[in-house]
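Residue-level structure breakdown
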Amino acid sequence: MTAVLEANIARSLAAVEEKVWEPNREVTLERLRIVDMMHEVWPKCRLCGQTVNRLDAFGLCSKVSASHLQRRGIPVPKKKAEALP
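Please read all numbers here as calculations on a predicted model, not as lab measurements. (Residues numbered from 1 in each chain as written. Predicted model: local features only at pLDDT ≥ 70, side-chain atom pairs only at ≥ 80, totals over all residues. Heavy atoms only, no water.)

Bringing the overall build of the protein into the picture now. Scanning the protein from terminus to terminus reveals three helices and zero strands. When the helices and strands of the protein are read in sequence order from the N terminus, they spell out α-α-α. Its C-alpha atoms give the protein a radius of gyration of 26 Å, more than 25% over the compact-globule value 12 Å for 85 residues. For the protein, the proportion of its 85 residues judged to be buried stands at 8%. Restricting to contacts in the protein with at least 6 residues of sequence separation, those with at least 24 account for 2%. Entry remark: accessible area of the protein is about 8,200 Å², with carbon and sulfur atoms responsible for 59%. (Helix = DSSP H or I, 4+ residues; strand = E, 2+ residues; numbered from the N terminus. Rg over C-alpha atoms; globule rule 2.2 N^0.38 Å. Buried < 20%, exposed > 50% of the residue type's maximum accessible area, 1.4 Å probe, protein only. Contact = heavy atoms within 4.5 Å. Areas by Shrake-Rupley, 256 points an atom, 1.4 Å probe, with all protein chains shown as cover.)

Structure follows, in structure tokens:
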């Protein structure tokens, strides 16, 4: 970078005032409402209800929990009982 460009950047950074962030419940709730509206049309997993971009052939999300694997027809090994000390 040239010295002139560096000087301009330094001046512009010094001129920017940082605003102190304060929580605003109304703004937060409005933004969350907008996000909820956008997600209304997205598909939801048949088993857990998670909103996803795409479902698999069984209508499930990409989770690999035991219940999701069972619903897909994949055998799930049973957990062995822990040995007592």
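Next comes the rest of the description.
When the terminal C-alpha atoms of helix α2 (residues 25-39) are compared, their 21 Å separation across 15 residues agrees well with the 21 Å that a helix rising 1.5 Å per residue should span. Capping the start of α2, Asn24 holds a side-chain oxygen 3.2 Å from the backbone nitrogen of Glu26, two or three residues further along. (Expected span 1.5 Å × (residues − 1). Polar contact = N/O pair within 3.5 Å; in protein donor to acceptor, adjacent residues only side chain to side chain.)

Turning to its location among the elements, His68 is positioned in helix α3 (residues 66-71). Residue His68 is classed as buried on the basis of its relative accessible area of 3%. A polar atom in the side chain of His68 sits 2.7 Å from the side chain of Ser65. Those residues within four positions of His68 in sequence are excluded, and the remaining contacts are Cys45, Leu47, Cys48, Leu60, Cys61 and Lys63.

All right, on to a nonpolar patch on the surface then. A cluster of nonpolar side chains, contributed by Ile34, Val35 and Met38, occupies part of the molecular surface with about 240 Å² of accessible area. Examined against the element boundaries, Met38 turns out to sit in helix α2. (Patch = residues over 30% accessible without salt bridge, like charges linked within 9 Å, V, L, I, M, F, W, Y side chains within 5 Å. Salt bridge = Lys/Arg side-chain N within 4 Å of Asp/Glu carboxyl O.)

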